[in-house]
Structure formats: C-alpha cells, structure tokens
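# Notes for the structure review
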Amino acid sequence: MKKRGQMIVIAALLMAILLVSLLPITYMATTHYRFMRYKSVKEITANIASEFRRGLEAILATSTHIYNKTFYLEPGRIVAKKLFNRWVMTLLKAYSGVGIQVNVSSGDILLQPAKDGYPEIRIEEGEIMKCFWYFPRAISAIYATMSLNLTEYGLYGWNISRLVLLNLTINTDQMRIDYSKDMGWFNMTLLKEYQEPVNDLAEGTLIVRYYDENVNNWKIADIINITYRGAGDYTIFFKYPHDDNRYKHLEVMIVDTRGIMVEATTYRISTGIEFTITRNTPNITVTNETYTLEAVLGGKWYWNGHEIDISGEFPPIPPLPIKQFRVNISEASGWREVPVQYEVWKLVSWHGHDIWVPVDLAIPFERVNSSMRIVFQVNFPPGNQTRKIRIWWLYDVDAMPPPGPTDLEYFENLHIAKTNMFWVQFLDSLHQYYTVGDTLVDYKGIASLLMKHPSGYHFGPLDLQGFETASSGWIIKRTNLSIWRPYGDSPWNIKFTYKPEERKINATVRLIAVLNTSKVCDFYSGEVRDNFYDTLAIVLINANVPYMQVYCHIYWKQSHSGRGLWLFRAMGQGYPNNFGYLRFDSKPFDQNMWVDEDTYSGIFQFLQSLLYPHAHGHIKFAWPLQFLPMNYPAYWIAHWNDTYGRAFILDNSSLLSLYTISDQISGSGDPYVAVTWIKEIFPYTRELSIELEVKAEWSWLPSWLIENHPQITIPNDFFYKYHLVEWRVEGNLTKDVVNMYYYMFLEKNPINDLPTLQIEVSGGS
Amino acid sequence: MSKQKLTIVLFLLLLLFYSVPLTSAEAYTINVLVYDSLGCPIIGADVSIVAGNFSYIEKTNSAGIASFPNVGHPGETIYVEIGWREKTIYYGSYQVSADPTWINLTLENVYPFVVQVKDPSGSAVSDSSILVTWTLGATFELEESTNKSGIAVFDQMIDLDCRIVIKYRGVIIYDESYSLSKDTSFLEITAPIYSLGIRVIDKNNVSIRNALVTLTCVDIGWSLQKSTNSEGYAKFTDLPKAIYKVEVSYMRRTARETLLLDSDLNRTYQLDIVTETTTSYPTVTITTITTTPSTTTSLSPTGSTTITSPPLSTPSPTEISLSPTPTKSPTITTSPPPQPKPPKKEEEFPITGLLIILGIMAYSFGISWVILKRS
C-alpha cells in the first residue's frame with residue numbers, strides 16, 4: 001500500500017515534469033507557426049504587388065502601341081481591361097490555395113494640376129489610362145487600385161494602388177542647329193512614375209520627325225547621337241539637311257524599355273500655330289465677309305479654289321491624328337473656338353487634266369498627310385481687316401472631331417441640304433421631282449441644283465451646262481431652254497458624315513457634293529445620250545453663309561454642232577421682277593435701266609432693271625460695242641423679287657476660261673463671247689432666267705428667235721471649266737448689300753488693287 | 001335701340017361673322033405615317049412637304065410618323081415626297097382636309113429582301129455573311145448573317161441594282177450583281193460548300209489511327225485539325241470552295257498536298273511507316289465472355305477510350321474495322337487520368353513537435369508503467 005502510494009506520487013511527479021517539459025515545446029511550435037504564416041502572407045502580397053505593377057506596365061505598353069496604329073484609345077482600353085481580367089484570372093489560379101479574392105478597379109488620380117498653359121492632367125474613374133501627347137510635355141499613364149483578400153490567412157481588405165507612367169518633356173528653348181554640319185539638337189527629359197529618371201534610352205527607341213518641303217511630308221530624321229546627362233536628361237543630335245528654320249518644328253516619339261510609348265511635338269501649347277489673316281477688300285467699314293479657308297499640311301492655304309498668298313514661313317501642320325485639330329479666332333472677349341472639319345482632296349487626272357477633287361471627309365483616326373485639308377470659316381465683320389487665328393490641337397488623345405455647333409443639316413434620303421440661309425435640293429435620276437407653286441415638275445433625272453429660300457420658295461434649278469436650242473421652226477420652242485443637260489444617272493455623291501458612319505459625326509463647316517457623269521439628257525424627250533460631254537462638278541455648301549460654290553468641269557468627247565452652248569442657266573419661272581448686274585461701262589445701258597453710283601473704283605456700275613425687259617448683260621461686249629480687257633475682274637449678276645433672289649459670281653479665272661472657249665469654238669462671227677440673258681418667253685410669259693451663253697456676237701434679234709443662237713461647232717477632246725458662286729440674296733437687294741459680299745470672290749486677280757487674302761504668321765512654335 | 005347702338009351691334013355681329021372664317025383659315029397640322037409593304041413603320045425616312053411656296057422636311061420617328069404642325073390650309077393641295085435609302089420612293093399630292101390631316105402611306109416598293117443559302121445537298125448554311133452593296137453616288141452596304149435555316153433578311157429594301165457578296169468562313173463563295181425588285185426579293189443561293197474526307201494509311205495500306213490532319217485555307221489562313229478515327233479517317237465538312245493545304249502527320253511522318261476543293265472529295269494519304277499494335281503505354285484489355293468475336297477495349301492513360309475489335313479477316317496487328325455489334329455491351333473501365341500533384345498544403349501545426357510530445361508522453365508512461373510494475 002505504501003509502495004503503491006509512492007508510485008502514485010512518482011507518477012504524478014513524472015506527469016508534472018512531463019507537462020512542464022511540454023509547455024516550452026508547445027510554445028515554440030505555436031510561435032514558429034505564427035511566424036511562418038506571417039512570412040507567407042508578406043511574400044504573397046509582395047509578389048502580387050510586384051506583378052500588379054508589371055501588369056500595368058505591360059497593359060500601358062500594349063495600349064499605347066495600339067493607339068499609335070488606330071489613333072483611338074478605346075480599343076487600347078478594351079485590351080487593357082481584357083488583359084486585366086486575364087491577369088486577375090491568372091492570379092486567382094496561381095494563389096487558389098490561399099483563398100484569394102481580388103477586385104481591381106480604376107481609380108481617379110490627379111497627375112498634374114493645370115500649369116504653364118497645360119490643362120489639368122487627370123485619370124478619371126473608369127478611364128484606367130490616359131495619354132496626353134502632342135505638345136512638348138507628353139505623358140502616357142495608367143492607374144489602378146487593387147483590393148485583395150487572402151481568406152486562408154485571415155487577411156482581408158489589403159489595398160494597393162499603382163501608377164505607371166512615362167513623361168517626356170522637350171526643352172523647346174534649347175533647340176539649336178549647325179547648318180554647316182547639317183545637324184540639329186535639342187534637350188529633353190524622360191521620367192517614369194514618381195519622378196524616377198529613365199536612363200536607358202537607346203537609339204532604336206527614339207524617332208524624330210521634321211517637315212521636308214521637298215516631299216511635302218514629315219520625314220524621320222537620322223539620329224546622330226543620344227547623350228545621357230543624368231537625371232533623365234538627354235541631348236538628341238539629329239541630321240537636318242535643310243537651311244530653313246523648320247528644324248524647330250519636330251515631332252518626337254519614344255518607346256521606353258517597358259514598351260510604353262509617348263509622342264510629343266515642339267509646338268507650344270499656349271499658341272499652337274498662331275497667325276493673322278488680312279483681307280484686302282475695299283470698303284471694309286461696311287463689308288461683312290465670311291471666308292471658308294482650307295489649310296494644308298505644308299502650310300499652303302486655299303480660298304475659293306485659289307491658293308492664298310502667305311507672308312513669312314508658315315509652320316508645318318504637325319502629323320498628328322487629324323481629329324485632334326481645332327481652330328480659334330480672336331475676339332474682343334478672347335479666343336473663340338470655331339467649327340472645323342477635315343477633308344481629303346486628291347489631284348486626279350480627268351481626261352488628261354489635273355483637278356483637285358474632294359475624296360471624302362477625312363477619316364478622323366489618321367495622321368495628317370499632304371492630301372488632307374483643315375477647313376474652317378473666318379468672319380470679317382465691318383471694320384475688321386485682320387483676324388488673329390490659332391490652329392491648335394487637343395492634348396488629350398481621347399479627342400474626337402468637334403460636333404459643332406453648326407446650322408448645317410442634311411437629309412440623306414432626299415438629298416436635301418439645309419443651312420439657316422438656304423436649302424439645296426440635289427436633283428438627279430433618283431430625286432427627279434420638284435414643285436413650282438402647285439405644279440409638279442419631273443426633271444427627268446437631269447443633274448441640277450435647286451437652291452431655295454429657307455421657307456422653301458425658289459426660282460427653279462440651276463443647270464450646270466446646256467447645249468442646243470429647243471426650237472420649232474424659227475421660233476424657239478417652249479421656254480427657249482437648252483436641250484442637252486448633264487444627266488444624273490450617277491447621282492450626286494454627298495460627303496457629310498465622317499467614317500465610320502456608325503459614329504454619326506457630321507461635317508460642321510460645309511457639305512461636299514460631287515457629280516461625275518458621262519451622260520446628257522434631253523429634257524423634252526427624256527432621251528439619254530453618252531456621246532456629248534462629261535461633267536465633273538464639285539459643290540460646296542457652306543454653313544452659316546448665304547453662298548454655295550460650284551466648280552464645274554466639262555469635257556467634250558465628241559464634236560457636235562448646234563445652236564447655243566450654255567455654261568450655266570438659272571431658271572426664273574417668271575418670279576423675279578428685278579435684275580441687276582455689274583458692267584464696265586459708265587454710261588446708261590438703255591432707257592429701261594438706270595445707273596446707280598459707281599461701286600468699285602469708278603469702273604463698275606451696279607445696274608438695275610426697272611422693268612421686265614429682256615435686258616442683256618454682257619461680259620466682253622457692251623453697248624456701244626466695246627471690248628473689255630482680258631483682266632476683267634469678277635462678274636456678278638442677280639435676279640430677285642420681294643421674297644427672294646439669287647446672285648451669281650464668276651471669278652476671273654472662270655472668265656478667262658470663257659474666252660478660251662470662245663476662241664476654240666468655230667462658227668460664224670468669231671470671236672465668241674459669253675452673254676447673259678434674261679429670258680422673255682414669247683409671247684406672254686417670261687422665264688426671267690439668268691443664263692451664261694457662249695455666243696458669237698451681240699444680236700438685235702429678239703431672244704425668242706432661233707437666229708439669236710447661231711449655229712456653232714464644238715470640237716472633240718475639248719475641256720473647259722468654270723467656278724461659280726450662287727448667293728442667296730434678300731428681296732430688297734441694294735447696291736450696298738452687293739458691295740458687302742462680291743469683292744471677296746475677286747481673289748487672285750491680276751490687277752494690283754483687287755482684293756487678296758493674306759496670311760501672316762505671328763506666332764508658332 | 002338707338003341707331004348708334006344698332007350700328008355697334010351690327011358691327012360686332014359682322015366681326016363675329018368674319019372671325020369664323022378667319023379662325024378656320026389657320027394652318028392645319030399634317031401627319032404623315034410611312035409604312036413598308038409589311039405594315040412596319042419606316043424609321044428615319046425623309047418626308048418633305050410642299051404647301052404652296054413653302055417646303056418642310058422632317059424625318060420619321062420610331063412610329064414611322066413625320067409631323068408638320070401648322071403647315072397646310074384647308075382645301076390646299078400639298079405634295080408629299082418620301083426618301084428612303086437615298087432615293088425618292090414616293091411622290092404624291094393630297095388635300096388638306098382636317099386638323100390634323102393624317103396621310104397614311106403603305107409603300108409597296110419597300111419590302112424585305114430574303115436570301116437563303118444552301119449547300120449542294122440542299123442543307124441550310126448558317127453563319128454565312130451576306131453583304132449587299134449598291135452605289136447611288138456614294139456606295140452603301142448592308143451586312144447580315146444567315147440563321148440556322150440559312151436565311152438572312154434585309155429589311156425595308158427598295159428597287160436597286162446591287163452586288164451580293166456571300167462569305168463563308170471568310171471565303172467569298174458568291175459574288176454577283178443583282179437587280180433587286182419586289183419580284184426578285186427572294187434569292188436562293190446554292191453555295192459551293194463541300195466536304196473533304198481524309199484517309200491515312202501506312203506502307204502496308206493499313207489505316208492509321210490518331211494521325212493528325214491539318215487543313216489550311218490558303219487564301220484566308222485559318223486552319224482546322226482533326227485526328228483520324230479508328231478507320232484512319234477524318235472528315236471535314238462545311239468547307240467553302242477554296243484552295244486548301246492538307247497536311248497529314250503521324251509519328252514524324254508527314255504527307256502534304258495543296259488542292260482545290262470544288263466538290264465533295266475523298267483523299268487517301270499513305271505514310272512511309274509501318275504501324276504496330278503495341279503502344280508505348282499500357283493497355284487494359286477487357287474480354288467479354290459472351291461476345292464472339294471478342295471485343296477489346298484499349299484504354300489510354302489520358303482517359304480517352306477507344307474500342308478495338310479483333311481482325312475479321314487478315315490478322316494484321318493494326319487493322320481497324322467496324323466491330324460487330326456485341327450481344328452484350330462490354331464493360332469498359334477507364335483508368336482515371338493522372339491527376340496533377342496537389343499543391344503541398346502548408347502545415348497548420350508542427351507535426352514533428354506533436355510526435356515528439358507524443359513520444360515523450362509514451363516514454364513517460366512507459367517508464368511509469370515499468371516503475372509501477374516493479375513496485
């Protein structure tokens with residue numbers, strides 16, 4: 001019993017010793033476990049954070065490369081989101097054993113407040129990444145936030161935000177050139193996120209472009225050397241084999257070792273390309289003119305089909321995606337952005353003649369090239385002779401073509417264009433009806449332009465060409481109109497919407513219509529023939545102004561004889577009861593007309609018909625017979641009534657073209673001249689149209705006699721062109737109103753004191 | 001009533017009398033409803049109205065209605081012009097009769113254009129892309145895909161001279177001009193879509209199973225891959241007429257051919273190899289007791305199951321032919337595919353420590369037991 005008691009005591013002691021000895025072992029084991037868990041979590045989160053950054057770098061690299069091909073950041077964003085999803089899936093797979101839960105979101109971050117003329121740079125919620133390019137300071141950036149749970153480790157709500165960027169800054173004050181060595185150089189700074197310098201820029205990862213006038217395009221410069229000066233600062237030496245100042249206008253593209261791309265130019269963000277435009281029209285105190293200007297890559301400018309004189313060296317338009325471009329005009333209250341649109345024009349050979357033809361609105365997602373034109377309007381109110389213009393471009397690559405505001409509308413199914421000044425109905429084989437009062441007119445598919453007052457009131461269509469007089473014996477048949485007119489079997493091709501059309505971004509400055517037909521139609525019989533002449537017509541309908549421009553080209557493929565050739569013919573339908581034109585003669589034309597005071601340097605006079613006569617305007621001849629000089633300036637004629645009216649303006653080159661025509665047309669009574677007719681329809685009705693007919697001589701015969709249109713022969717392989725402006729005028733037309741607009745179309749006249757538009761560069765890069 | 005008052009009353013009555021026609025001379029609203037030949041509204045059509053010297057233009061809304069408030073006077077004749085798909089499709093005159101005047105137009109010249117695509121055997125071809133293009137000044141295009149019945153519908157078409165291009169698997173299988181009118185608004189096209197059967201045999205004319213056949217469409221670039229079945233046969237169906245590159249590979253032996261597929265075709269490729277029965281991996285053979293001849297089932301370690309039957313005539317080791325229908329279904333046992341090694345789960349508690357503790361406890365108890373025993 002005693003022994004048993006001892007044993008129990010010993011056993012209890014042993015148990016106690018055992019338990020005591022177990023305690024440190026248990027403690028050590030527990031602490032070791034805890035330490036291991038902590039270490040694992042740290043490793044996992046560190047790994048994930050590192051991969052998150054690498055993932056963002058890869059996504060930004062891919063997206064900037066996609067953008068550089070498509071010039072649309074959204075596909076890059078879609079790819080970014082896909083890559084994100086894939087990365088998250090991979091993460092979930094890789095760490096599936098630890099109960100990982102990941103939520104990646106795009107956050108909002110301010111990268112840089114507005115300063116030095118640069119706007120605020122921010123990545124907004126949902127954008128994931130942004131690129132601010134095309135000025136001396138360019139940034140590509142991506143920012144995302146990740147929330148992570150590791151349920152197996154009891155880790156919840158671990159958040160991490162990562163910013164990845166590449167920032168290029170060109171020092172535009174330190175651009176130099178050594179013409180003797182054909183070498184230019186500039187300094188720039190390249191930084192990553194958190195101001196970390198990029199120190200490993202290599203030659204193949206840098207592209208410098210400059211504008212080469214010889215090829216009228218931007219060219220990649222040969223890089224001579226890249227010198228790294230520490231802290232992300234580089235000096236880039238490049239070959240510049242020209243003697244001009246365009247070395248200052250550069251475009252620089254860089255890809256860093258992570259594959260992230262950034263693109264900058266040396267143009268100042270505060271100015272873009274700044275210049276002044278001067279009009280040299282007389283009477284600027286009263287004239288109110290709006291020009292529709294076209295700027296081309298190499299610094300060439302066009303107005304009304306003519307190249308504009310430029311004083312000074314116009315900076316080349318940088319080769320950026322054309323959607324970025326905007327135009328501002330200075331006003332008393334500051335700069336005002338004006339509507340701008342982008343077009344593609346192409347020099348085509350049409351029957352052996354080079355003609356600039358608008359191909360379409362430019363695809364917004366293409367770089368500016370030599371065939372693109374930036375089109376905008378410049379208004380000169382009374383008293384303003386110069387306007388300051390700024391062509392600039394958006395810093396944010398998410399920019400799209402500006403949507404307006406514009407008064408330009410187009411109803412594509414009926415081919416009707418509308419502005420707040422007028423309508424134009426494009427008549428062709430698909431749209432061949434119009435109404436005159438309560439009468440329906442079938443125009444038989446003839447391609448024509450029907451300008452209307454905004455109320456819908458009109459005088460009838462404008463035919464772009466006509467040949468052969470419809471006659472019955474010695475009296476001109478019916479309404480004394482031409483028979484063979486351009487046929488619209490190939491209808492008017494309207495260019496109004498940017499491609500891709502699903503986006504529904506429309507033109508804001510002007511609508512373009514092109515007619516290219518090889519057929520003619522007899523209005524009276526409806527017969528269609530293809531052995532007369534081809535017509536290529538370009539029509540520009542401008543927003544917010546009362547004029548449309550027509551560039552018409554005619555090619556006769558076969559010789560034809562007939563009575564009468566009309567360059568254009570505008571119906572009157574008997575509606576207009578006033579008629580006016582500019583003439584050279586200072587004397588009254590006849591007793592039915594009165595002469596207003598001189599409107600231009602005492603040479604031209606504004607004549608207005610008081611009655612409904614078959615009054616005759618003229619270009620080369622006047623009464624008494626008098627030759628006008630060949631450098632006769634533009635020609636203006638109009639008809640109107642109390643409601644509505646329209647004027648036609650031919651520019652000088654068109655008039656010269658008319659003389660060429662008359663020289664080449666054979667028949668009796670050479671030389672042929674262009675004569676304007678106001679038609680009186682025998683015996684009771686009057687058409688009161690305006691017609692520009694190529695005619696041999698002045699005739700005293702009544703206009704309804706066939707003999708008034710002598711037989712002429714037009715040679716084959718014969719080409720001519722004219723440029724016409726149709727202007728909607730108000731019912732109460734006066735000479736003052738006329739003086740307000742017609743001068744602007746006298747551009748490029750050889751007489752010195754005639755108006756020209758001058759561009760002077762006042763600012764730039 | 002004095003004469004003066006009478007004059008005033010008469011004047012007021014006269015004013016009232018004339019005010020009625022003055023009120024009625026107010027312009028009426030014209031509503032134009034535009035429907036296609038099926039009675040569906042045409043949305044986005046241009047509707048122009050000419051009333052006297054005035055013109056108006058509107059687009060039809062989602063109900064096919066273009067509304068022109070205060071444009072027509074009672075009894076006035078107005079002209080209505082409808083434009084759709086860049087063409088004037090209707091011109092007519094109406095008299096303004098009520099306020100509003102409703103002009104309901106069902107345009108029979110706007111109809112659906114139905115294209116059905118079938119293969120030479122008469123089966124419907126689905127998922128073919130049909131592009132209808134036409135030029136009216138500018139070029140327009142519409143694209144639809146055929147459904148399971150091989151049908152694509154182009155809604156609200158008009159008379160046009162168009163071009164129809166059908167693509168199947170990226171290959172143009174039809175490209176023709178077409179004069180579309182209501183009479184020709186159903187077009188059935190037999191598309192050149194064929195099949196290509198590939199049989200692969202060895203040097204001894206024995207069919208090779210699991211040979212890889214790659215078919216590449218030369219013009220477009222896409223590829224299809226199939227393995228030959230137990231008969232050494234792989235069949236590609238729904239192939240558009242095109243030039244294909246056929247590549248057959250088995251055990252580093254390859255045969256290639258480029259062919260124009262313009263009909264259903266069967267080709268046999270012989271490879272410079274003699275196949276054997278044994279494979280590099282173990283097979284499980286299950287023999288059925290009641291079936292004559294016996295059917296063997298070879299099981300591959302990847303989990304795929306193939307059934308081989310013993311030769312019926314020539315006892316060639318790899319001869320594969322159709323097995324007779326067994327009277328009793330053979331029992332097929334598949335070996336599970338090798339599972340990837342599960343990731344080592346991190347120890348939640350140090351096992352060694354526990355073992356040590358247990359060992360110590362056992363040791364302590366052992367000593368205690370010995371001591372107790374001795375005592």
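Before reading on, note that the structure itself is shown above.
None of these values were measured; they are calculated from a predicted model. (Residues numbered from 1 in each chain as written. Chains lettered and ligands numbered in written order. Predicted model: local features only at pLDDT ≥ 70, side-chain atom pairs only at ≥ 80, totals over all residues. Heavy atoms only, no water.)

We now examine the layout of surface pockets. For the largest pocket, the calculated volume is near 1200 Å³. What lines the largest pocket is a set of 33 residues, and nearest its centre among them are E412, T497 and E501 of chain A together with E86 and F140 of chain B. Sorting the residues of the lining of the largest pocket by element identifies β25 (409–411) and β36 (493–495) of chain A together with β9 (129–136) and β10 (138–145) of chain B as the ones contributing at least two each. When residues of the lining of the largest pocket are assigned to their parent elements, the largest contribution, five residues, is made by β10 of chain B. Looking at the lining of the largest pocket residue by residue, the class counts come to 14 nonpolar, seven polar and 12 charged. There are two domains that each give the lining of the largest pocket at least three residues, and those are domain 1 (18–106) and domain 2 (111–190) of chain B. (1 Å grid on protein atoms, 1.4 Å probe; cavity = no way out; pocket = protein on both sides within 12 Å on 5 of 7 lines; lining within 4 Å. Points joined across faces, edges and corners; volume = space filled by probe spheres on them. Helix = DSSP H or I, 4+ residues; strand = E, 2+ residues; numbered from the N terminus. Nonpolar A, V, L, I, M, F, W, Y, C, P; charged D, E, K, R; others polar. Domains from an automatic or database assignment.)

All names here are of chain A. For strand β40 (residues 533–542), the tally of buried residues reaches 10 of 10 residues, placing the bulk of the element in the interior. Alternating residues of β40 divide into Y533, T535, A537, V539 and I541 and D534, L536, I538, L540 and N542, and every residue in both groups is buried. As paired strands, strand β37 (residues 510–517) and β40 are joined by eight bridges and run antiparallel to one another. Looking across to β40, one finds that I512 is bridged to L540. Hairpin connection from β40 to strand β41 (residues 547–556): four residues lie between these consecutive antiparallel strands, with N544 at a positive phi of about 65°. (Buried < 20%, exposed > 50% of the residue type's maximum accessible area, 1.4 Å probe, protein only. Pairing = 2+ DSSP bridges.)

Counting residues at the interface gives 40 residues for chain A and 42 residues for chain B. Counting the surface lost from both chain A and chain B, the interface buries some 3500 Å², and carbon and sulfur atoms represent 65% of this. Of all residues in chain A, the largest losses of buried area upon contact with chain B belong to M7, N413 and L414 of chain A, amounting jointly to 18% of the total for that side. Summed over the shared surface of chain A and chain B, the result is one salt bridge. At the junction of chain A with chain B, the criterion picks out 13 residue pairs in polar contact (both at pLDDT 80 or more). Going through the elements one at a time, α1 (2–70), β25, β26 (416–418), β27 (423–427), β28 (433–436) and β29 (439–442) of chain A are the ones with two or more residues in the side of chain A that touches chain B. The element contributing the most residues to the side of chain A that touches chain B is α1 of chain A, with 13 residues. Counted by class, the side of chain A that touches chain B contains 23 nonpolar, 12 polar and five charged residues. (Contact = heavy atoms within 4.5 Å. Buried area = accessible area lost by both parts, 1.4 Å probe. Salt bridge = Lys/Arg side-chain N within 4 Å of Asp/Glu carboxyl O. Polar contact = N/O pair within 3.5 Å; in protein donor to acceptor, adjacent residues only side chain to side chain.)

Note that every value here comes from positions in space, so none of it alone points to a role or purpose.
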